[in-house]
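In case you want the letters, here they are:
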Amino acid sequence: MQQTLYPKLILDALSTVRYPGTGRNIVESDMVADDITINGHHVSFTLQFSRPTDPFIKSLVKAAEAAIKTYASEDAEVIVNVKTLPAATPERTNPLPGVKNIIGISSGKGGVGKSTVASNLAVALAAEGYSVGLLDADIFGPSAPTMFGIEGEQLYIHQVDGQDKIIPAEKYGVKVLSIGLLVDKNASLTWRGGMASRALTQLITDADWGSLDYFLIDMPPGTSDIHLTLVQTLALTGIIIVTTPQEVALADARRGYTMFTDDKVNVPVLGLVQNMAWFTPEKHPDEQYYIFGKDGGAALARELNIPLLADIPLVGRIREGGDNGAPIALNSESLTAQAFRHLARETVDAVERRNANLPPTAKVTLK
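Residues numbered from 1 in each chain as written. Predicted model: local features only at pLDDT ≥ 70, side-chain atom pairs only at ≥ 80, totals over all residues. Heavy atoms only, no water.

Engineer: Please clarify how the overall build of the protein should be interpreted in this entry.
Structural biologist: A count of helices and strands for the protein gives 10 helices and 13 strands. For 367 residues, the compact-globule formula gives about 21 Å, and the C-alpha radius of gyration of the protein, at 28 Å, lies well above that figure. Along the first, second and third principal axes, the C-alpha atoms of the protein reach 100 × 45 × 40 Å. Buried positions account for 48% of the 367 residues belonging to the protein. Across the protein, the fraction of contacts at a sequence separation of at least 24, relative to all contacts at a separation of at least 6, is 72%. Here the protein contributes 32 positively and 41 negatively charged side chains, and the mean placements of these two sets differ by 3 Å. (Helix = DSSP H or I, 4+ residues; strand = E, 2+ residues; numbered from the N terminus. Rg over C-alpha atoms; globule rule 2.2 N^0.38 Å. Buried < 20%, exposed > 50% of the residue type's maximum accessible area, 1.4 Å probe, protein only. Contact = heavy atoms within 4.5 Å. Lys, Arg positive; Asp, Glu negative; His and termini not counted. Charge placed at Lys NZ, Arg CZ, Asp CG, Glu CD.)

Engineer: What am I meant to see in the side chain of D252 here?
Structural biologist: Its location among the elements puts D252 in helix 7 (residues 247-261). Not counting residues within four places of it along the chain, the set of residues in contact with D252 comprises G108 and K109.

Engineer: Can you help me understand the environment of I150 in this one?
Structural biologist: With respect to the secondary-structure elements, I150 resides in the loop between helix 4 (144-147) and strand 6 (156-160). Taking the C-alpha atoms as reference points, I150 and G180, separated by 30 residues in sequence, lie 9.8 Å from one another. Apart from residues no more than four positions distant in its own chain, I150 is found in contact with A144, P145, A169, K171, V176 and L181.

Engineer: I keep staring at the pattern of salt bridges and nothing clicks. Help me out?
Structural biologist: A pair can form between side chains of opposite charge whenever their charged atoms are brought close. In the structure shown here, the tally under the stated rule is 7 salt bridges. Between K100 and D213 there is a salt bridge; the shortest N-O distance is 3.3 Å. One end of the pair, K100, is in strand 4 (residues 99-106); the other, D213, is in strand 10 (residues 212-218), with 113 residues separating them in the sequence. Classification of K100 by relative accessible area gives exposed; the value is 63%. Judged by its relative accessible area of 17%, D213 falls in the buried class. Here R255 makes a salt bridge to D252, at a shortest N to O gap of 2.2 Å. Separated by 3 residues within a single helix, R255 and D252 lie in helix 7, roughly one turn from each other. Classification of R255 by relative accessible area gives exposed; the value is 53%. (Salt bridge = Lys/Arg side-chain N within 4 Å of Asp/Glu carboxyl O.)

Engineer: So what exactly am I meant to see when it comes to the side chain of S143 here?
Structural biologist: Along the chain, S143 turns up in the loop between strand 5 (132-136) and helix 4. For S143, a relative accessible area of 17% gives the class buried. In this structure, S143 is in contact with S115, D136 and D218, ignoring residues within four places of it in sequence.

Engineer: What am I meant to see in the sheet that holds strand 3 (residues 77-84) here?
Structural biologist: Sheet strands pair via backbone hydrogen bonds, and the direction of the pair is either parallel or antiparallel. Taking strand neighbours across the sheet as the criterion, the 3 strands line up as 1-2-3 in an open arrangement whose pairing is mixed. In the strand order of this sheet, the two ends are held by strand 1 (37-39) and strand 3, each with one partner. Ignoring strand direction, the axes of neighbouring strands in this sheet form an average angle of 20 degrees. Alignment of strand 2 (residues 42-49) against strand 3, held across 8 bridges, turns out to be parallel. By the bridge assignment for strand 3, S44 is matched with I79. Of the strands in this sheet, strand 2 and strand 3 touch helix 2 (residues 57-71), which is tilted by about 150 degrees from strand 2. (Pairing = 2+ DSSP bridges. Axes fitted to C-alpha atoms, helices over the stretch in contact; angles between N-to-C directions.)

Engineer: Is there a simple way to think about the packing of helix 1 (residues 7-14) against helix 2 in this case?
Structural biologist: Each packed pair of helices is defined by two parameters, the angle between the axes and the distance between the axes. Across the interface, helix 1 lies against helix 2 with an axial gap of 8 Å and an inter-helix angle of 120 degrees. As far as their axial angle goes, helix 2 and helix 1 are oblique. Taken as a pair, helix 1 and helix 2 cross one another with a handedness that is right-handed. Here helix 1 contributes L9, I10, A13 and L14 to the contact with helix 2, which in turn contributes A64, A67, I68 and Y71. Taken together, the residues of the contact of helix 1 with helix 2 break down into 8 nonpolar, no polar and no charged. (Parallel < 35°, antiparallel > 145°, perpendicular 65-115°, else oblique. Left-handed = near helix turned anticlockwise from the far one by under 90°. Nonpolar A, V, L, I, M, F, W, Y, C, P; charged D, E, K, R; others polar.)

Engineer: What's the story with the packing of aromatic side chains in this structure? I'm lost.
Structural biologist: By convention here, two paired aromatic rings are described through the distance between centres and the angle between planes. Within the structure shown, the criterion is met by 6 aromatic pairs. For the pair F148 and Y172, a centre-to-centre distance of 6.1 Å together with 35 degrees between the ring planes defines the contact as tilted. Note that F148 is positioned in the loop between helix 4 and strand 6 and Y172 in the loop between strand 8 (169-171) and strand 9 (174-178), a separation of 24 residues in sequence. Judged by relative accessible area, Y172 falls into the partly exposed class, the value being 28%. For the ring pair W209 and F215, a centre distance of 4.7 Å and an interplane angle of 65 degrees mean the geometry is edge-to-face. F215 shares its class with W209; the two are buried. (Phe/Tyr/Trp six-rings, centres within 6.5 Å; stacked < 30°, edge-to-face > 60°.)

Engineer: Is there a simple way to explain helix 7 in this structure?
Structural biologist: Think of an α-helix as turning once every 3.6 residues; residues three or four places apart then point the same way. The terminal C-alpha atoms of helix 7 lie 21 Å apart, and with 15 residues this matches the ideal 21 Å at 1.5 Å per residue to within 8%. Residues A249, L250, D252, A253, G256, Y257, M259 and F260 constitute the buried set of helix 7. (Expected span 1.5 Å × (residues − 1).)

In structure tokens, the structure reads:
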């Protein structure tokens, strides 16, 4: 009576065949593809090799046929296909080789003006003579296209070293890229975490950022998969945390600090920016009203032993500049613009101190 064949019987038989190069059997070495086909006493499957010139291909094919006839069924008619696996693409240890410093702009919660700070800091650094890029990494709420007045701008692709690369938009001396430039601005993105992370990775690795002194990343608020993707993809120079003086915002900022300084992540925090530090009426520039509390950011900076890089007032023209696509940092005569210029210089100093006293940050590997 002819023995009934089934996949496990075939795999058990093939597990008796060892690859001479390693001494391991061909099943545990993943050399048997997941395509075993059985039709009566006819058996076919594929053996996978890493290169077409493998010296053991012919001998392993014969050994596999013999193993099935010996351990599964002597009546089996065996067809062994041979496939060469594509060579693994070597990991790029540094996807941004032309970038000197990578700075994440983070906040523990939304609504504290993180994107406004990131955009104006980018413009202020460019005004100081540095080459600057800004990646809008807030996949679900991109704002850079509005703040730079580039909504609807056409992006183009060119080749760099034989690879297609997206050319970032450029305005006010800042290279800008955002998911908002690649989708309908009125569309609601309902991507799962993995899809959003892959989209962000593409914005980093598939763009031609060129040579930059500072690459700023406007991170989404809170802590999420996006943050983990960033620290696993890039070796960040450091993080700037944006908060308001309000206690609720300070509590979230403290949690953000804890995430980045955790032993598994270990990204230096360059300092803290206290946004909306006070309200100043445009017609009364000498008056200050502490709507969200007073000096809460300064107290948190002292508690965490990090620099308070700048106090940014709550001024209507900051909002107007962002809505109109002309960040207020462009206006060198404005007192508010001077606050962002001060932030730019403090950021440069903080980065120089960090680079002088700490080793380069390593990309995070989380198990």
